[in-house]
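# Close look at the chain arrangement
Residue-level listing of the chains:
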Amino acid sequence: MSAPMNGGSPRYNPLESMNRRFDAAVEILGLDEQFANVLRVPDKVVMANMPVTMDNGTIKVFEGYRVVHSVHLGPSKGGIRYSMDVNLDEVKALAAWMTWKCAVVNIPYGGAKGGIKCDPRSMSKGELERLTRAYTLAMKNVFGPENDIPAPDMGTGQQEMAWIVDEYSKIKGHNAWGVVTGKPLVLGGSLGRVEATGRGVMVSTRSALAKLGLKPTEVTCVVQGFGNVGSISAKLISQMGVKIIGISDVTGGYYNTDGIDVNAAIEFIANSPNRNLEGCNIGKKVSNAELLELECDVLVPAAMEDQITPENAHNIKAKLIVEGANGPTTAAADAILQEKGILVVPDILANAGGVTVSYFEWVQNRLGYYWTEERVNRRADRVMKQSFDNVYACSEKYKINMRIAAYVVALEKVSSTLKLRGSF
Ligand code: NAD
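Described below are features of the structure shown in this document. (Residues numbered from 1 in each chain as written. Predicted model: local features only at pLDDT ≥ 70, side-chain atom pairs only at ≥ 80, totals over all residues. Heavy atoms only, no water.)

### Topic: the pairing of strand S1 (residues 44-53)
Here is the key point about a regular strand: its side chains alternate between the two faces of the sheet. Two elements, S1 and strand S2 (residues 59-70), share 10 bridges in a ladder whose sense is antiparallel. Bridge pairing in S2 places Val52 opposite Lys60. Counting the residues between successive antiparallel strands, the hairpin from S1 to S2 contains 5 residues, one of them, Gly57, with a positive phi of roughly 95 degrees. (Pairing = 2+ DSSP bridges. Helix = DSSP H or I, 4+ residues; strand = E, 2+ residues; numbered from the N terminus.)

Written out as structure tokens, the structure reads:
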């Protein structure tokens, strides 16, 4: 735990959490320090200050980052986040997590991440479009179908990806569909991409429940965060027969031991002016902190970083945690969860369904041939199931938890590529 270097969370630093797990994997593998040193730092950090004309005619300067962590396995891949919490350490951690995530699911990508410090909910569509185009222009020499391929993350979605593809294509003078993934279908998006991350969380949950000898129809689940990842995870996990007894978003948590109607909650959000759960009559109101400590079998943190910490890890009752969000557990909390015997399916495995289908989208763009949703889902499910089994087998081999096992699987792959290739 330390003070953040760039104004992020006041107490935890996701980069420090990532580094602690990385160092543990380096030690288990006995990786030569000269190779570890290459992978400990990002390949490239680009920062841009972008002046944008706001609707009232004033000019506001926004701070944006793109961090490319590694290109050892292929072009770098990673989302773009719009949030007031964006800071360089957070983007560096998220970029490295993308490297490890792509390696865990064995897709030919390196890792990157981008972020703009802004509050997208307080900006008009026109302001968001001008900001996204300014960011694309600033990153025109970083992005590229063969270089670095962004995707959506918190605060961004299909519309931002459409603006990026348009701006980048304008700069290059031809349609460059493969420069981003998570695009709308009509602009070369893939069927199944919107649901892909939540679907991977569901597949991971199913695999983990089987390892624990628990039947989906006999367990309860709580999901924190009800955006793309949280809402779809909740929907698909409930379709397995699991009873969802708690959900939450930025407005707070909702708890109902009789089970929450997830589809009704999704519909409520779609029709709510602020696109949140405020006023949704689906259960007893609890705080997000209380939600994490509810009596349940499965906990899916799917909101943001640093939610499970040494302060609350002791009070968590779930037997299984499946990390939909990136970095929801701090490194210091890992040991407490392990001591309590809680099985944790780590972020770089559990939420890798999104980048897997992003990879399928990029492949389809390059082929100019588009798959059915059934084919996308079948292939993604297979990747997720195999990756879970690989990581689980590694955890048994080294007698380590699944988080460190995922880092070991990833680091083994990236470092062996680095050794064969040399320095690039
Ligand atoms: P999103 O913006 O669609 O949703 C975020 C959700 O979290 C919203 O419901 C929001 O209200 C809620 N939230 C925000 N602050 C909260 C708080 N303090 N307490 C509780 N809830 C809070 O974002 P998303 O795309 O669903 O991403 C969620 C997480 O999953 C992030 O960590 C992201 O990096 C990760 N992730 C996303 C994808 C993807 O494909 N979208 C893929 C992999 C990982």
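Right, picking up where we left off after that structure.
### Here's the deal with helix H1 (residues 14-29)
With 16 residues, H1 ought to run about 22 Å at 1.5 Å a step, and its terminal C-alpha atoms sit 23 Å apart, in line with that. Residues Pro14, Leu15, Ser17, Met18, Arg21, Phe22, Ala25 and Val26 constitute the buried set of H1. Of the surrounding elements, those touching the buried residues of H1 are helix H2 (33-40), helix H3 (88-104), helix H10 (331-339) and helix H14 (402-421). Here H1 starts with a cap whose side-chain oxygen sits 2.8 Å from the backbone nitrogen of Leu15, and that cap is Asn13. Just past H1, the residue Gly30 takes up positive phi, approximately 60 degrees. (Expected span 1.5 Å × (residues − 1). Buried < 20%, exposed > 50% of the residue type's maximum accessible area, 1.4 Å probe, protein only. Contact = heavy atoms within 4.5 Å. Polar contact = N/O pair within 3.5 Å; in protein donor to acceptor, adjacent residues only side chain to side chain.)

### As for the packing of helix H12 (residues 353-367) against helix H13 (residues 373-398)
Between H12 and H13, whose axes approach to 10 Å, the crossing angle comes to 135 degrees. Judged by the angle between their axes, H12 and H13 are oblique. Pair H12 / H13 crosses with right-handed handedness. Contact residues: H12 offers Gly353, Thr356, Val357, Phe360 and Gln364, while H13 offers Val376, Arg379, Ala380, Val383 and Met384. (Axes fitted to C-alpha atoms, helices over the stretch in contact; angles between N-to-C directions. Parallel < 35°, antiparallel > 145°, perpendicular 65-115°, else oblique. Left-handed = near helix turned anticlockwise from the far one by under 90°.)

### Notes on the site of the ligand
Arg81, Asp153, Thr197, Val229 and Asn326 are the nearest of the 23 residues found near the ligand. In this structure, an oxygen atom belonging to the ligand sits 3.4 Å away from a side-chain N or O atom of Arg193. Within the backbone of Gly227, an N or O atom sits 3.1 Å from an oxygen atom of the ligand. Here the ligand has 830 Å² of accessible area as a free molecule, and 84% of this is covered by the chains. Within the residue set of the shell around the ligand, elements represented by two or more residues are helix H6 (193-212) and helix H7 (228-239). Taken domain by domain, the shell around the ligand gets at least three of its residues from each of domain 1 (42-187) and domain 2 (196-350). (Near = heavy atom within 4 Å. Areas by Shrake-Rupley, 256 points an atom, 1.4 Å probe, with all protein chains shown as cover. Domains from an automatic or database assignment.)

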